[in-house]
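# Structural description and commentary
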Amino acid sequence: MKARSLQAAVSFYLQSRRALGFALKSEGALLANLVRHAQAVHHRGPLTTDMALDWAQVPPPAHSLRRARRLEAVRHFARFWAAFDPRTQVPPAGLFGPAYRRVPVHIYTSQELAALLAAARQLASPQSLEPRTFSTLLGLLACTGLRISEALGLELGDWDPSPAVLTIRQAKFGQSRYVPLSASAAAALNAYVRARAQAFPKARSGALFLNQRGQPLAYRQAGETFAALRQQLGWHHQQPRPRLHDLRHTFAVRCLLGWYRQGQAELNAKILSLAVYLGHRNIRHTYWYLTAVPELLRLGSARGAKALKAQKGAAHE
């Protein structure tokens, strides 16, 4: 398999996976780098383990996690392409350790959320749409657990005020879902939509969240504004440092804490509903939250111990 053939194989692999709903942004970039490396070293013949491992380490990434991600990307491709070219060698897994590692999360307190929204409402001048845009955006993230990309991708038509439901279209892994809002969240979003129409009555964009120029609010601007708010509130030295994505984590943890504290009988069913609401493709990502904060871990352990004790008691009867 020549380098040119490798490029065609990688292209076919990415097209096939993306047709199934996988975005593969980072993996696509990594495999493009693999093709360039194969061309640079004048690789000929089928994909080999030696060539894959050489690429994973040369030039040596600064962090072992990056080497592991390169290895995982080439393994995924090799396992796929081996069905078309049996000469393809699949490198062994785990040579560089885990490819992904969850970073510590910041769970916002009620006081921190209130301070964040208050600071957002003070952005720019009261006549500008910016304070309303960011306070509504941050509030929506906090009370729904949406991904920031999902919130910024919303169109006006995705909000149906009558049943108070947001439609999240083609989110992560190509999935779509409905997200119902509470009465207070719906009222805040309706107020923002009215303010948006007043500020930009002839807006060319159908995006729900607009910047001060009437254009769709971009991820970069949202991140920079949040970083400025974090600095203003004195949170930039906190460890772990609060992030936009932590609003999603906070929503999930609060839901679980509430159910545990209430002694929710159908907890597994509740966790399943939370997974659907959050748009998790695998429920293990939802169960991960049980280890996110000490209180949840303690409550989960106590519930498990109680259930085990009840099973043992029933077995002896």
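Only a predicted model underlies this, so the values are computations on that prediction, with no experimental measurement involved.

Burial along strand β3 (residues 177-180) is one-sided: R177 and V179 are buried, while Y178 and P180, pointing the other way, are not. Pairing of strand β2 (residues 165-168) with β3 involves four bridges; the strand directions are antiparallel. Counterpart to T167 in the pairing with β3 is Y178.

Our focus in this paragraph is the nonpolar core. Grouped together as the largest cluster of nonpolar side chains are 60 residues, with contacts concentrated most on L146 and L166. Here the element with the most residues in this core is helix α10 (residues 246-262); it accounts for nine residues. In this structure, A9, L24, L31 and A73 belong to the second largest nonpolar core, which totals 26 residues.

Next up on the list: the packing of aromatic side chains. Under the counting rule described, the total for this entry stands at twelve aromatic pairs. With a centroid separation of 5.7 Å and an interplanar angle of 75°, the aromatic rings of Y13 and F77 are classed as edge-to-face. Pair noted here: Y13 is in helix α1 (residues 3-19) and F77 is in helix α4 (residues 64-81), with a separation of 64 residues, a long-range link. The same class applies to Y13 as to F77, namely buried. Summarising the aromatic geometry, the rings of F77 and W81 are spaced 6.4 Å apart at their centres and angled 10° between planes, so their arrangement reads as stacked. Placement of both F77 and W81 in helix α4 is noted, with a separation of four residues, approximately one turn of the helix. Here W81 falls in the buried class, since its relative accessible area comes to 14%. Chaining the aromatic ring pairs together yields one cluster made of F12, Y13, F77, F80, W81 and F84.

Rules behind the numbers
Residues numbered from 1 in each chain as written. Predicted model: local features only at pLDDT ≥ 70, side-chain atom pairs only at ≥ 80, totals over all residues. Heavy atoms only, no water. Buried < 20%, exposed > 50% of the residue type's maximum accessible area, 1.4 Å probe, protein only. Helix = DSSP H or I, 4+ residues; strand = E, 2+ residues; numbered from the N terminus. Pairing = 2+ DSSP bridges. Core = buried A, V, L, I, M, F, W, Y, C linked by side-chain atoms within 4.5 Å. Phe/Tyr/Trp six-rings, centres within 6.5 Å; stacked < 30°, edge-to-face > 60°.

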